[in-house]
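For reference, the chains in residue letters:
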Amino acid sequence: MEQNLGITNNILELIGKTPMIKLNRITKGLKGEFFTKFEGYNPGHSTKDRIALHIIEQAEKQGILKKGTTIIETTSGNTGFSLAMVSIIKGYECILAVSSKSSMDKIDMLKAMGAKVYVCPAHVSANDPRSYYQVAKRLHEETADSIYINQYFNQLNADAHYASTGPEIWEQTQGKITHLVAASGTGGTISGTAKYLKEKNPNIKILGVDAFGSVLKKFHETKELDPAEIYPYRIEGLGKNLIPTATNFDIIDKFEKVSDEDAAHRAREIALTEGIFAGYTSGAAMQATIQLAKQGEFDENSKVVIIFPDHGSRYMSKIYNDNWMAEQGFFDTQKYVQQVVEFIK
Ligand code: PMP
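This text gives an overview of the structure that appears in the document. (Residues numbered from 1 in each chain as written. Predicted model: local features only at pLDDT ≥ 70, side-chain atom pairs only at ≥ 80, totals over all residues. Heavy atoms only, no water.)

### Overview of the overall build of the protein
Point 1. A tally of regular secondary structure across the protein gives 11 helices and 10 strands.
Point 2. Its C-alpha atoms give the protein a radius of gyration of 20 Å, within 12% of the compact-globule value 20 Å for 345 residues.
Point 3. Overall, the C-alpha framework of the protein stretches about 55 × 55 × 50 Å when taken along its three principal axes.
Point 4. Burial analysis of the protein (345 residues in total) assigns 56% to the buried set.
Point 5. Considering only contacts within the protein whose residues lie at least 6 apart along the sequence, 72% involve residues at least 24 apart.
Point 6. Carbon and sulfur atoms provide 50% of the accessible area of the protein, an area that totals close to 15600 Å².
Point 7. Taking the average place of the 39 positive charges on the side chains of the protein and the average place of its 41 negative ones, the gap between the two points comes to 1 Å. (Helix = DSSP H or I, 4+ residues; strand = E, 2+ residues; numbered from the N terminus. Rg over C-alpha atoms; globule rule 2.2 N^0.38 Å. Buried < 20%, exposed > 50% of the residue type's maximum accessible area, 1.4 Å probe, protein only. Contact = heavy atoms within 4.5 Å. Areas by Shrake-Rupley, 256 points an atom, 1.4 Å probe, with all protein chains shown as cover. Lys, Arg positive; Asp, Glu negative; His and termini not counted. Charge placed at Lys NZ, Arg CZ, Asp CG, Glu CD.)

### Remarks on the sheet that holds strand β2 (residues 33-38)
Point 1. One open sheet accounts for six strands, arranged β1-β2-β10-β7-β8-β9; its pairing is mixed. Because the sheet does not close on itself, it has two edges, and the strands there are β1 (20-22) and β9 (254-258). Strand-to-strand, the axes of this sheet are offset by a mean angle of 25°, without reference to chain direction.
Point 2. Pairing of β2 with strand β10 (residues 303-308) involves six bridges; the strand directions are parallel. When the bridges of β10 are listed, F34 appears paired with V304.
Point 3. Against the sheet, helix α7 (residues 188-200) engages β7 (179-183), β8 (205-211) and β10, with an angle of about 170° to β8. (Pairing = 2+ DSSP bridges. Axes fitted to C-alpha atoms, helices over the stretch in contact; angles between N-to-C directions.)

### A few points about the site of the ligand
Point 1. Around the ligand, the surrounding shell holds 16 residues, and the nearest of these are G185, T186, G187, T189 and T281.
Point 2. Take N78: an N or O atom from its side chain is 3.1 Å from an oxygen atom of the ligand.
Point 3. Against a free-state accessible area of 390 Å², the protein chains account for coverage of 98% of the ligand.
Point 4. Counting atoms within 2 Å of the grid points, the majority share of the ligand lands in the largest cavity.
Point 5. Tallied by class, residues from the shell around the ligand come to three nonpolar, 10 polar and three charged. (Near = heavy atom within 4 Å. Polar contact = N/O pair within 3.5 Å; in protein donor to acceptor, adjacent residues only side chain to side chain. 1 Å grid on protein atoms, 1.4 Å probe; cavity = no way out; pocket = protein on both sides within 12 Å on 5 of 7 lines; lining within 4 Å. Sits in = over half its atoms within 2 Å of the grid points. Nonpolar A, V, L, I, M, F, W, Y, C, P; charged D, E, K, R; others polar.)

### Some thoughts on the nonpolar core
Point 1. If you look at the biggest cluster of nonpolar residues, it comprises 39 residues, and the most contacted ones within it are V209, I235, Y280, I306, F308 and I319.
Point 2. Those elements that place two or more of their residues in this core are β2, β7, β8, α9 (260-274), α10 (280-294), β10 and α11 (322-327).
Point 3. Here this core takes eight residues from α10, the largest share from any one element.
Point 4. Non-local contacts of F308, meaning those with residues more than four positions away in its chain, are made with L23, T36, K37, F38, E39, G40, I270, I276, A278, S282 and M286.
Point 5. In terms of nonpolar packing, the next biggest core, distinct from the first, is built from 25 residues, I51, F81, L110 and A160 among them. (Core = buried A, V, L, I, M, F, W, Y, C linked by side-chain atoms within 4.5 Å.)

### Here we look at the packing of aromatic side chains
Point 1. Tallying each qualifying case throughout the model produces 10 aromatic pairs.
Point 2. Summarising the aromatic geometry, the rings of Y132 and Y133 are spaced 4.8 Å apart at their centres and angled 25° between planes, so their arrangement reads as stacked. Taken individually, Y132 and Y133 each receive the classification buried, so the pair is uniform in this respect.
Point 3. A centroid spacing of 5.8 Å and a plane angle of 70° characterise the contact between Y162 and Y196, whose relative ring orientation is edge-to-face. Linking Y162 in helix α5 (residues 155-163) with Y196 in helix α7, this pair joins segments that are 34 residues apart in sequence.
Point 4. What links up through ring pairs into an aromatic cluster is the set Y132, Y133 and Y152.
Point 5. Stacked on the ring of Y162, the Lys or Arg K195 has its end atom at 4.2 Å from the ring centre.
Point 6. Taking the ring centre of F81 as reference, the NZ or CZ of R314 above it sits at 4.5 Å. (Phe/Tyr/Trp six-rings, centres within 6.5 Å; stacked < 30°, edge-to-face > 60°. Lys NZ or Arg CZ within 6 Å of the ring centre and 35° of its normal.)

Set out below in structure tokens:
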């Protein structure tokens, strides 16, 4: 078909160029202006579309990929979905080793996108042969003509954000951004975006979001991985029990930790106040922003961009499910107004 302004040639052309939305209510009483870069707008509903496309296209350029090659990855779900989507369009096989912490919705979505999924126990060490890292490595060794994306240790992960997320934020804020708040898992988003932004203006402050139960904040402060920091937590895709080389710790000014409970409530509050239906780590990033604001991090001139990494629809059996929230004990300790659903008989 001839080029037509109303038609995209395939789903991959819609990756990136996500909107930036001013937050008007949830930030009431805080100094500064706050905006979200809403990555849930990507066609695969998360920021991971960017890295899946970038890493695969770089491998294609290097001649590593040919039709039928198997793409293997460890993923909390989002990277897997994006890799599966790119694989469909480009004709690759996709195998994913995921953590048992991932919601069943996420696993079903990966299956719906044609990926073969291995679910691995969440609470074992990274070196355990059952961990999703070790399972992915083994599958890569056993599968002829396969590549292992290895997002935690792949520089191309951060490069994808240097090439797209950073420039988009710079352009959308017309260079006025003063602070970036981003959840850190592999660290690709924060490291790549920060590199671009700091090249433009070294005064921009880069604020990472970590979870209680993860080693990132303490490693940033002490350069040591403290095993005492590690314990199970609920937020998916944020924080880590190892140090990913995809993270450039030197470019991050500060980490802020958030709790599972606060992040979950904050995600629900984003929906109720801003009408933006975002994921669990979006709640975490918003919670961290509010904690930082209370510590005096921002002033009247601050223009704070908060990355919301994915869409809320991924969490229907978790933070947006009242039974799950109650099971976690999250309704007991914080006042929460439950919406009423009436069943007409
Ligand atoms: N939020 C979600 C929902 C994610 O899946 C991830 C990726 N693990 C992140 C945040 C963190 O992004 P990054 O890996 O680029 O640090």
